[in-house]
Amino acid sequence: MQQRSDRVIGVKLNGVGKSVPKQKVSNDTLAKWVDTSDEWITTRTGIQNRYLSGGETTTDLAIEAAKEALLDSGKKGEEIDLIIVATITPQHIMPSTACMVQAAIGAKDATAFDVAAACSGFIFASKLASTLIQSGNHKNALVIGAETLSKAVDWQDRSTCVLFGDGAGAVIYSASNENKILAIQTASNGEKGECLTLQGRPLENPYVKKTEEKEFMQMDGKEVYRFATTIVPDNIKKVTEEANISLEEIKLFILHQANGRIMDSVAKRLELSPDRFFKNLGEYGNTSAATIPIALCEAKETLKEGDLLVLCGFGGGLTWGSMVVRW
Ligand code: ACO
């Protein structure tokens with residue numbers, strides 16, 4: 001029986017993990033499949049490699065990342081009472097990826113479900129998890145971003161297939177005396193949803209004849225670029241203001257790894273050095289909901305207790321969100 005408490009409960013980040021498929025794929029390899037080049041991809045996006053599934057599912061990657069995060073936190077699977085997986089490329093719609101993770105780590109009776117907020121999924125799931133911990137309903141939450149976008153892109157379409165990779169990242173949030181999640185702001189704009197789409201299963205029943213739907217991801221790259229470079233600086237200003245932290249106090253900005261040029265433009269608009277923006281998309285490409293927790297795993301070595309971070313996601317929906325975290 002879970003006990004509610006009247007005292008104010010803080011939340012801290014308590015372990016990180018990641019997982020990518022075995023198969024690493026360079027731009028030169030992609031240039032054998034579609035009419036592109038290492039030079040075009042590198043200069044337009046900053047991506048040099050990505051990992052593509054050779055059979056690993058979203059569930060497999062999520063479970064591996066979860067196990068690594070558990071090891072990092074020193075927690076046991078049975079201590080986890082909330083699991084939220086952010087994904088738009090689940091292996092199954094039902095059971096959810098989160099339920100499969102629950103079974104694999106032995107988180108008996110945990111509340112487990114998936115959320116779909118595209119590349120903002122990790123921030124949206126983190127907001128849910130921290131709010132549920134602060135409410136006293138849960139103590140230890142596992143939040144995972146996991147994707148196999150390679151199954152969602154058209155491998156004939158050079159304008160999208162070069163951008164994405166497969167992978168998962170996991171974070172454990174725990175109830176704490178000291179609150180280390182200083183602010184989270186999320187928002188959506190469905191009116192602009194058409195600029196980044198991925199169809200679900202089409203309607204088909206005795207009344208409705210199945211129609212031909214575009215089954216792969218469609219993207220208006222220029223519109224997405226405009227959206228990201230205007231919304232993200234504004235969102236980062238708002239969330240740091242809410243946390244009462246100045247931009248100068250932030251040790252590292254970890255943005256969704258969509259495109260190096262987007263990050264450089266955000267840095268410029270905020271009048272900050274681009275060196276303060278973590279980049280690992282050269283190695284992993286855009287893994288949607290997984291980019292931020294994978295980046296956290298890699299940035300970990302450079303972080304000291306007390307360092308302040310801004311995490312920021314943006315993507316399909318359209319959706320966006322940022323959080324300020326004390327490491
Ligand atoms: N290789 C070579 N040439 C290409 C490729 C490719 N992979 N893709 C497109 N081109 C060509 C186009 O056909 C076009 O040729 P044309 O001039 O002869 O017609 C030319 O390159 C320029 O195409 P644009 O689409 O105008 O290229 P742009 O400079 O806008 O860059 C890009 C495209 C990188 C996608 C850019 O718009 C962008 O970064 N947008 C942001 C979108 C993004 O990051 N999406 C990630 C998913 S969404 C998310 O995570 C939030």
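Since we're looking at a predicted model, the values are computed, not measured.

(A) Local environment of the site of the ligand. Within the structure, the ligand sits among 24 residues, and Thr36, Arg44, Lys222, His256 and Asn259 are positioned closest to it. Trp40 places a polar side-chain atom, nitrogen or oxygen, 3.3 Å from an oxygen atom of the ligand. Within the complex, 74% of the 1000 Å² of free accessible area of the ligand lies under protein. Elements supplying a minimum of two residues to the shell around the ligand: α2 (38-45), α6 (158-161), α7 (221-243), α8 (260-269) and β12 (308-315). The leading source of residues in the shell around the ligand is α7, at four residues.

(B) Geometry of the pattern of salt bridges. Scanning the model with the defined rule gives twelve salt bridges in all. Its salt-bridge partner being Lys75, residue Glu79 comes within 3.8 Å of it at the nearest N-O pair. Looking at Glu79, the relative accessible area reads 33%, which means it is partly exposed. Salt-bridge contacts for Asp307 lead to Lys304; the nearest nitrogen and oxygen are separated by 3.8 Å. Judged by its relative accessible area of 10%, Asp307 is buried. Exposure remark for Lys304: the relative accessible area of 54% places this residue in the exposed category. One network of salt bridges, with partners in common, ties together Lys192, Glu223 and Arg226.

(C) Fine view of unusual backbone geometry. Cis geometry marks the peptide bond from Met94 to Pro95, where omega comes out at 0°. When you line up the elements, Pro95 lands in the loop between β4 (82-86) and α4 (97-105). Cis geometry marks the peptide bond from Gly317 to Leu318, where omega comes out at -10°. Its place among the elements puts Leu318 in the loop between β12 and β13 (319-326). A positive phi angle, near 50°, is found at Ala118, a position not held by glycine.

(D) Seen up close, the packing of helix α3 (residues 58-73) against α4. For the pair α3 and α4, the least separation of the axes is 9 Å and the interaxial angle reads 50°. As far as their axial angle goes, α4 and α3 are oblique. Pair α3 / α4 crosses with right-handed handedness. Taking contact as the criterion, the partners of Thr58, Thr59, Ala62, Ile63, Ala66, Lys67 and Leu70 in α3 are, on α4, Thr97, Met100, Val101, Ala104 and Ile105. Looking at the contact of α3 with α4, its residues break down into eight nonpolar, three polar and one charged.

(E) Expanded view of the environment of Thr230. Summarising the element assignment, Thr230 is placed in helix α7. Residue Thr230 is classed as partly exposed on the basis of its relative accessible area of 45%. Taking the C-alpha atoms as reference points, Thr230 and Ile262, separated by 32 residues in sequence, lie 9.8 Å from one another. At 3.1 Å, the side chain of Thr230 forms a polar contact with the backbone oxygen of Phe227.

(F) Representation of the pairing of strand β7 (residues 166-176) within the structure. With respect to burial, β7 is a largely interior element, ten of its eleven residues being buried. Judged from the eight bridges that link them, strand β1 (residues 10-19) and β7 form a sheet pairing that is antiparallel. Opposite Lys12, over in β7, you have Ser174 as the bridge partner. The pairing of strand β6 (residues 140-148) with β7 spans nine bridges and is classified as antiparallel. In the strand pairing of β7, Leu142 is matched with Ile172.

(G) Examining the sheet that holds β12 more closely. On the basis of which strands lie adjacent, the open sheet formed by four strands has the order β8-β13-β12-β11 and mixed pairing. The outermost strands of the open sheet, each flanked by one partner alone, are β8 (181-188) and β11 (252-255). When the angles between neighbouring strand axes are averaged without regard to direction, this sheet yields 10°. Two strands pair when backbone bridges link them, and β12 and β13 are joined in this way by eight bridges, in the antiparallel orientation. Note that in β13 the partner of Gly315 across the bridge is Thr319. The sheet strands contacting helix α5 (residues 121-134) are β8, β12 and β13, and the helix crosses β8 at an angle near 125°. This element, helix α10 (residues 291-299), spans β11 and β12 of the sheet and lies at about 145° to β11.

(H) Structural view of the sheet that holds β6. Spatial ordering of the open sheet is given by β1-β7-β6-β4-β5, a layout of five strands whose pairing is mixed. The two strands at the open ends of the sheet, each matched to only one other strand, are β1 and β5 (111-115). Pairs of neighbouring strands in the sheet enclose a mean axial angle of 15°, with direction left out of account. Alignment of β4 against β5, held across five bridges, turns out to be parallel. From the neighbouring strand, Ile84 faces β5, where its bridge partner is Phe113. In the packing of α4 onto the sheet, the strands contacted are β4, β5 and β6, and the crossing angle to β4 comes to about 135°.

Cut-offs used in this document
Each chain has its residues counted from 1, running along the sequence as written. Totals for whole chains, interfaces and linings use all residues, but because this is a predicted model, local features are given only for residues with pLDDT of at least 70 and pairs of side-chain atoms are given and counted only at 80 or more. Heavy atoms from the whole structure form the basis of all side-chain values; hydrogens and water molecules are not counted. We call a residue near a molecule or strand whenever a single non-hydrogen atom of that residue lies within 4 Å of it. Polar contact criterion, stated in full: a pair of N or O atoms within 3.5 Å, where within protein one must be able to donate a hydrogen and the other to accept it, and residues adjacent in sequence count only if both atoms are side-chain atoms. Residue-level accessible areas treat just the shown protein chains as cover; the underlying method is Shrake-Rupley with a 1.4 Å probe. Secondary structure elements follow DSSP: runs of H or I no shorter than four residues count as helices, runs of E no shorter than two count as strands, and numbering proceeds from the N terminus. Each reported salt bridge corresponds to a side-chain nitrogen of Lys or Arg within 4 Å of a carboxyl oxygen of Asp or Glu. Throughout this description, buried means an accessible area under 20% of the type-specific maximum (1.4 Å probe, protein chains only), exposed means over 50%, and partly exposed covers the range between. Axis definition: a line fitted to C-alpha atoms, limited for helices to the stretch in contact. Angles are taken between N-to-C directions and run from 0 to 180 degrees. Oblique is the label for any angle not covered by the other classes, which are roughly parallel (under 35 degrees), roughly antiparallel (over 145) and roughly perpendicular (65 to 115). What makes a crossing left-handed is the near helix being turned counterclockwise from the far one by less than a right angle; a clockwise turn instead makes it right-handed. Residue contacts are defined here by distance: any two heavy atoms, one from each residue, within 4.5 Å place the two residues in contact. For this scheme, ten residues count as nonpolar: Ala, Val, Leu, Ile, Met, Phe, Trp, Tyr, Cys and Pro. Four count as charged, namely Asp, Glu, Lys and Arg, and the remainder, Gly too, count as polar. A pair of strands counts as paired when DSSP detects no fewer than two bridges linking them.

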